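# Structural overview
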Amino acid sequence: MSVLITTSIITAIGVFLAALLTLAERFLLDYGICKITINGDKIYQVRGGNHLLGSLQEQDIFIPSACGGRGSCGLCKVKVLEGGGPLLPTETPYLTKEEIENHTRLACQVKVRNDIEILIPEELFSIREYEAKVVNFKDLTYDIKLISLQLKGDETIDFVAGQYVQLKIPVYGNIKEEVYRAYSIASPESNKKQIDLIIRRVPKGIATTYIFDYLKKGDTIFFNGPYGDFYLRDSQREIIYIAGGSGLAPIKSMLHKMIEEGIDRKATFFFGCVSGRDLYFVEEMKSFEEKLPNFKFIPALSNPNPEDNWLGETGLITEVVDRHISSDGDYEAYLCGSPGMINASIKVLRSKGIPEELIFYDKF
Amino acid sequence: MKQTPELDRIQELMQPGVISKDGFLGNDTRNLTDILADDQRIVTNLGFTHQELANAMEELTEVGKKAFGNPVLVRGFLEVTVDSSKGKMASPFGGLFDKENVVVVNKKTGESIRWTTLNIHMIRDHGFYEGKGSYFRVEPEDLVRVLELYVG
Amino acid sequence: MYINPIVIFFASIFTSNIVLTNFLGMCSYLAISRDLKSSWGLGQAVIFVMTITTILNYLVYKYILVPAELEYLRYIVFIIVVAAFVQLLEMVLERFMPGLYYTLGIFLPLITVNCAILGVALFMVIREYTFIQSLAYGAGGGIGWALAIVALAGIREKVDETKIPKGLQGPGFALIVTGIMAMAFIGLSGIANIQ
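Residues numbered from 1 in each chain as written. Chains lettered and ligands numbered in written order. Predicted model: local features only at pLDDT ≥ 70, side-chain atom pairs only at ≥ 80, totals over all residues. Heavy atoms only, no water.

So, about the overall build of chain A. A count of helical and extended segments in chain A gives eight helices and 17 strands. Scaling as 2.2 N^0.38, a compact globule of 364 residues should have a C-alpha radius of gyration of about 21 Å, whereas chain A reaches 26 Å, well beyond that. Expressed as a percentage of its 364 residues, the buried residues of chain A come to 52%. At a minimum sequence separation of 6, the contacts of chain A that also span at least 24 residues come to 68%. Side-chain charges of chain A comprise 41 positive and 49 negative groups, with the mean position of each set lying 4 Å from the other. (Helix = DSSP H or I, 4+ residues; strand = E, 2+ residues; numbered from the N terminus. Rg over C-alpha atoms; globule rule 2.2 N^0.38 Å. Buried < 20%, exposed > 50% of the residue type's maximum accessible area, 1.4 Å probe, protein only. Contact = heavy atoms within 4.5 Å. Lys, Arg positive; Asp, Glu negative; His and termini not counted. Charge placed at Lys NZ, Arg CZ, Asp CG, Glu CD.)

Attention shifts here to empty space enclosed by the protein. Any empty space left between the atoms is revealed when a probe the size of a water molecule rolls over them. All told, the structure shown has three cavities of 30 Å³ or more when counted by the stated rule. Within this model, the largest cavity holds a volume of roughly 340 Å³. Taken together, 24 residues make up the lining of the largest cavity; nearest its centre are Pro203(A), Lys204(A), Ser20(B), Met89(B) and Phe136(B). Counting only elements with at least two residues in the lining of the largest cavity, the list comes to strand 2 (78-90), strand 3 (96-106) and helix 4 (117-126) of chain B. For the lining of the largest cavity, the element with the highest residue contribution is strand 3 of chain B, accounting for four residues. Here the lining of the largest cavity is composed, by residue class, of nine nonpolar, eight polar and seven charged. (1 Å grid on protein atoms, 1.4 Å probe; cavity = no way out; pocket = protein on both sides within 12 Å on 5 of 7 lines; lining within 4 Å. Points joined across faces, edges and corners; volume = space filled by probe spheres on them. Nonpolar A, V, L, I, M, F, W, Y, C, P; charged D, E, K, R; others polar.)

In this section: the sheet that holds strand 8 (residues 164-169) of chain A. Residue and element names in this part refer to chain A. As summarised here, the arrangement of the six strands in space is 9-8-11-6-7-10, forming an open sheet in which the pairing is antiparallel. Each edge of the open sheet carries a strand with a single partner, namely strand 9 (179-184) and strand 10 (194-200). Direction aside, the axes of adjacent strands within the sheet are offset by 40° on average. By the bridge criterion, seven bridges tie strand 7 (residues 144-151) to strand 10 in an arrangement that is antiparallel. Following the sheet pairing, Ile144 is matched in strand 10 by Arg200. (Pairing = 2+ DSSP bridges. Axes fitted to C-alpha atoms, helices over the stretch in contact; angles between N-to-C directions.)

Another point: the packing of aromatic side chains. The full count for this structure, using the stated rule, is 21 aromatic pairs over all chains. Geometrically, the ring pair formed by Tyr210(A) and Tyr214(A) is stacked, given 6.1 Å between the ring centres and 15° between the ring planes. One end of the pair, Tyr210(A), and the other, Tyr214(A), are both in helix 4 (residues 206-214), four residues apart, so they sit about a helical turn from each other. Judged by its relative accessible area of 9%, Tyr210(A) falls in the buried class. Judged by relative accessible area, which is 41%, Tyr214(A) ranks as partly exposed. With 5.7 Å between their ring centres and 65° between their planes, Tyr58(C) and Phe131(C) make a pair best called edge-to-face. A residue pair is termed long-range when its members are at least 10 positions apart, and Tyr58(C) in helix 3 (residues 36-65) and Phe131(C) in helix 8 (residues 131-159) qualify at 73 residues. Judged by relative accessible area, Tyr58(C) falls into the buried class, the value being 9%. In this arrangement the basic side chain of Lys204(A) is found over the ring face of Tyr135(B), its NZ or CZ atom lying 4.4 Å from the centre. Geometry around Phe77(B) places Lys108(B) over its ring, the cationic atom sitting 4.2 Å from the centre. (Phe/Tyr/Trp six-rings, centres within 6.5 Å; stacked < 30°, edge-to-face > 60°. Lys NZ or Arg CZ within 6 Å of the ring centre and 35° of its normal.)

Right, let's get into the interface of chain A and chain B. Contacts between the two partners involve 35 residues from chain A and, on the opposite side, 31 residues from chain B. A combined buried area of about 2700 Å² lies between chain A and chain B, and 58% of that area is made up of carbon and sulfur atoms. There are two salt bridges connecting chain A and chain B. Between Asp83(B) and Arg200(A) there is a salt bridge whose closest N-O contact spans 3.0 Å. Our enumeration of links across chain A and chain B arrives at four residue pairs in polar contact (both at pLDDT 80 or more). (Buried area = accessible area lost by both parts, 1.4 Å probe. Salt bridge = Lys/Arg side-chain N within 4 Å of Asp/Glu carboxyl O. Polar contact = N/O pair within 3.5 Å; in protein donor to acceptor, adjacent residues only side chain to side chain.)

Ranked by size, the top nonpolar core spans 64 residues in total, and within it Tyr29(C), Tyr137(C) and Trp145(C) carry the most contacts. Tallying contributions element by element places helix 4 (residues 74-96) of chain C first for this core, with ten residues. When near neighbours in sequence (up to four residues on either side) are disregarded, Trp145(C) contacts Asn17(C), Ile18(C), Val19(C), Leu24(C), Gly25(C), Ser28(C), Tyr29(C), Leu42(C), Gly43(C), Val46(C), Asn114(C) and Ala116(C). Grouped together as the second largest cluster of nonpolar side chains are 33 residues, Phe271(A), Phe288(A), Leu292(A) and Cys336(A) included. (Core = buried A, V, L, I, M, F, W, Y, C linked by side-chain atoms within 4.5 Å.)

Moving on, we come to the interface of chain A and chain C. Counting residues at the interface gives 19 residues for chain A and 20 residues for chain C. For the chain A and chain C pair, buried surface summed over both sides reaches about 1900 Å², with 79% attributable to carbon and sulfur atoms. Of all residues in chain A, Leu21(A), Leu28(A) and Arg113(A) bury the most surface against chain C, accounting for 28% of the area lost on that side. At the boundary of chain A and chain C, one finds zero salt bridges. Run the count over chain A and chain C and you get zero residue pairs in polar contact (both at pLDDT 80 or more). Across the side of chain A that touches chain C, the residue classes break down as 14 nonpolar, one polar and four charged.

With that settled, the discussion passes to unusual backbone geometry. All names here are of chain A. Pro226 follows Gly225 through a cis peptide bond whose omega is -5°. Summarising the element assignment, Pro226 is placed in strand 11 (residues 220-227). For Asn39, which is not a glycine, the phi torsion comes out positive at approximately 50°. Within the secondary structure layout, Asn39 lies in the loop between strand 1 (33-38) and strand 2 (42-47). Classification of Asn39 by relative accessible area gives buried; the value is 18%. Even without a glycine there, the phi angle at His103 is positive, about 70°. Structurally, His103 is set in the loop between helix 3 (97-101) and strand 4 (104-106). Judged by relative accessible area, His103 falls into the partly exposed class, the value being 45%.

That is the geometry; function is a separate question.
Now the structure itself:
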């Protein structure tokens, strides 16, 4: 008899606590339907309890993010005006003082627990996810590839020359979660069915290892976009393009635009490489020179090998730019390349009297 | 040895395929807290601080960076090459860093050592040199020997 | 003999410190004492959980186990109560105090298995404390534990910068420091004694 009582009392305590926890979970962790108000006018209804980034993605609003929402890239910044809760220690390493003051948060860390009001750049509304087939795969140099993606079905993409898209790298090998990586579009904006990307291999990189070693012609891949405010400004100034490595991509797209729209502004494209094996698209650039009478392509090798038989410009790209442009011209500059190259180029351009607001760049 | 949940979370981010393809730990099975403690000891025994090693690395990186991928000779015998890749690299401890691979060859001995901008940050701010067997592990002894750093 | 709760409170911090006199809760004490910030986070969580679970366990013991003559089951029941409470606390914090949840919350699961929490509940039974005494003992025990771990972390942060013989590094050295700290605390035993 006492055995029964003992068992039942212990069971009762256990059941009571389990029931308490279940109830708590039901009521405490259920946030019901929450409203997300974006930019004051668009209202979305979502199920509470999830992270803002994912909740927005369900509504087809894509905030740029490279890590897939793990709080390790710090890109998915949005302004949360109301209902975001306190700033979390997982966010602070990615935010500057000003950002904290103007209520910037990481969308992947903020949970939708109640009605929430946020501000995002208007152009993010035109960003969509696209499904595409790899129709072309070409080696441009020993470590740079061109891939062409054709949109499936009757989908089309509207972008401005110079913008970029984010490729979704699926789970492969020992990679457990999807990641996104940004690549500039190299093809003309008039082609809304197919985009070209120029990709340079990153040593031990998650995304480029997939693209170089796993992806094949005919495969399906997803990307979202277009993003970015790097595009050709409307003016009559002389254009200076400076690029290195895969930074040629957005410049190429801009040159296509100039040909197609008959923009015959004076333009010079300085393309910096180490040696002959890094050069690519020289023929295309030559044909651009024929179609655009005021356009000049100046490739520069900083360290040519004897077998390159190099007769063109030599020296660091900054030295070549310094030699070619005058200090009294009316210039506008577009730069794409590594942060080191861009910073050094800006210095040279500034020394030539080009104001900072006329220097546009896309830093890697 | 047990460690804080915070270090557990960071160690989770260091696994292969989370932030980087091969992870930050190589084939090291120790807990992060032990890796940090062991390297701290090694560096102290060498007579340096993390700060000093990171400064030496950063100094060479800054010089090499100015040559956009070309080798530069520093102190007469160190050949420094810095190669930039597109994109930013996330640190498991938080923060984003330029993707820059640095290779330094000691012309006197022919030995070389490699690191990234992220390594410099992780060494300076967290005393983390990556796990044994990791591709980007910076072995403190090798660093001191190849760069010919002297105490004091 | 009835001991004043205020005496119990201070005694459990200084003279009957759960770590330094009973050596309970050692594993997280040794593991999380490498830096001040984490140890203070864990210390706060222990103070909070220890105070509340001691009271809860007092009530469960007095009003369920004693009337049913099931005192011998207290080990199991106490652990279940602590585990369930920590779970519940995690949910409540996540919902209502997300900021606190992220600073304290990551330490909560670690506390469920901290034997100092169970130890305090069991001492409370052995010493036949009343409700108020248990409250004082739970709060004091938690503060005492936090004091010990923060002190150890402070010492270890300093010591980390010096050279220690290989065999003594890590837990070995921490235990020696703990022993010296325990001896130092004996010096306070004139204040009050409850054991």
